[in-house]
Amino acid sequence: MTDYMLKDNQSIAAAVGLLLAFAGTCFFTAKFCHLLPKDAGREFAHDGKLSAGKPRGAGIIFVLVFVMASLVFTPVNTEIVIYLLLVAAEMATGFMDDASKHPWGGLKKGLLDLLIAVIVAVTYLYFNSNMVRIATLGITITIPPVLFGLLAVILVWGSINVTNCSDGVDGLSGTLAIITLASFYVIDNILGKQDGFSLLILMFIICLLGYLWYNAAPSKLLMGDAGSRAMGIFISIVALKSGSPFLYLPVGIVFILDGGLGLLKVALIRGFKIHILKNIRTPLHDHVRKVMGWSNTQTDTRFAIIQIVVSTAVVCFLLL
């Protein structure tokens, strides 16, 4: 009886925490958005000038609400506290870039992302095993720690940057992040990984919904690097904690294609003078709007549909 009462109390606290996190995100966004730096518009992005003058860097609000609500309303331990601090750190570096008069160069941001990715990998390996479940095959493999750490760094760094590159249409990256996180939440439950970390996923989703209340097209504000980079690192941590990090490939496929192809294109040009996708604008959300004539709403909806279909197929495969 005592165990049931304790569980009921924890469930009530979690439900209250989720509601307060949403309300807090909405309240603080409305209250303090005027203090955020203003967007200058992006010269090379399709319709980039339309964002000029809007408050930018709103990620600082929903990420701080997420961190505080998680510390108060979810069961935390040393590992989770470290992850929350790293999410906040990634948000802070992004916000400093958002607020800077001169945007940070890719090298500076890339090195900071790399440092944080290494800390995530080391933290995960310290508190968890180097075993990985190949969920689609129903097998578990053990990866040498050094190789596991390297792959974890690639996952974290890649997730941060593809998520950041996908942030360019009102509501797009936030919606995709919710779908990806919700997919991992369902997968965790299917695989029997029901623990305090699952509640963090719901908390992040709730805070994102509070942000999207103001970012839905036509947006009143933008999350900036403060939000997109924090989303990217959190998604990668969720993938690691699922025990099946390779599932990031299908349940984050739209992020990977939308933001990742642009990164690959630039890397090949700068490093090897190899030009690919000459007739494709990147990120892909610019291509479908500029070349294919999709509206912002069509882009959001269709990209979301693609990710929902792929994630549903993954979930269905795991259930059968």
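Rules of the game
Residues numbered from 1 in each chain as written. Predicted model: local features only at pLDDT ≥ 70, side-chain atom pairs only at ≥ 80, totals over all residues. Heavy atoms only, no water. Helix = DSSP H or I, 4+ residues; strand = E, 2+ residues; numbered from the N terminus. Rg over C-alpha atoms; globule rule 2.2 N^0.38 Å. Buried < 20%, exposed > 50% of the residue type's maximum accessible area, 1.4 Å probe, protein only. Contact = heavy atoms within 4.5 Å. Patch = residues over 30% accessible without salt bridge, like charges linked within 9 Å, V, L, I, M, F, W, Y side chains within 5 Å. Areas by Shrake-Rupley, 256 points an atom, 1.4 Å probe, with all protein chains shown as cover. Salt bridge = Lys/Arg side-chain N within 4 Å of Asp/Glu carboxyl O. Core = buried A, V, L, I, M, F, W, Y, C linked by side-chain atoms within 4.5 Å.

Participant: Which residues make up the overall build of the protein, and what values go with them?
Facilitator: When helices and strands are tallied, the protein shows 12 helices and 2 strands. What you see for the protein is a C-alpha radius of gyration of 19 Å, in line with the 20 Å of a compact globule of 320 residues. Projecting the C-alpha coordinates of the protein onto the three principal axes gives extents of approximately 60 × 45 × 35 Å. Counting over 320 residues, the protein shows a buried share of 50%. Long-range pairs, those at least 24 residues apart, make up 74% of the contacts in the protein between residues at least 6 apart in sequence.

Participant: Account for a nonpolar patch on the surface, naming residues and giving values.
Facilitator: Taken together, the side chains of Leu107, Leu111, Leu114, Val118, Val122 and Trp157 define a hydrophobic patch exposed on the protein surface, amounting to about 550 Å² of accessible area. Tallying contributions element by element places helix H4 (residues 106-127) first for the nonpolar patch, with 5 residues. As for its position among the elements, Val122 is in helix H4. With relative accessibility at 53%, the residue Val122 sits in the exposed group.

Participant: Residue-level account of the nonpolar core, with values.
Facilitator: Side chains of nonpolar character tend, in soluble globular proteins, to be buried together. Core analysis: the largest hydrophobic core is formed by 82 residues, its most contacted members being Phe62, Val120, Leu208 and Ile233. For Ile233, the contacting residues outside a window of four places in its chain are Leu86, Val87, Glu90, Ile116, Val120, Val156 and Ile160.

Participant: Hey, could you go over the environment of Val251 for me, with residue numbers and the actual values?
Facilitator: Looking at the element boundaries, Val251 is found in helix H9 (residues 248-251). Of the residues examined, Val251 reaches a relative accessible area of 0% and is grouped as buried. Measuring from C-alpha to C-alpha, the distance between Val251 and Ser183 comes to 6.7 Å, with 68 residues separating the pair along the chain. Apart from the residues lying within four places of it in its own chain, the contact partners of Val251 are Thr180, Ser183, Phe184, Ile187, Gln307, Ser311 and Val314.

Participant: So what's going on with the environment of Gly24? Which residues, and what values?
Facilitator: Looking at the element boundaries, Gly24 is found in helix H1 (residues 2-32). Distance from Gly24 to Ala69, taken between C-alpha atoms, is 9.2 Å for residues 45 residues apart in sequence.

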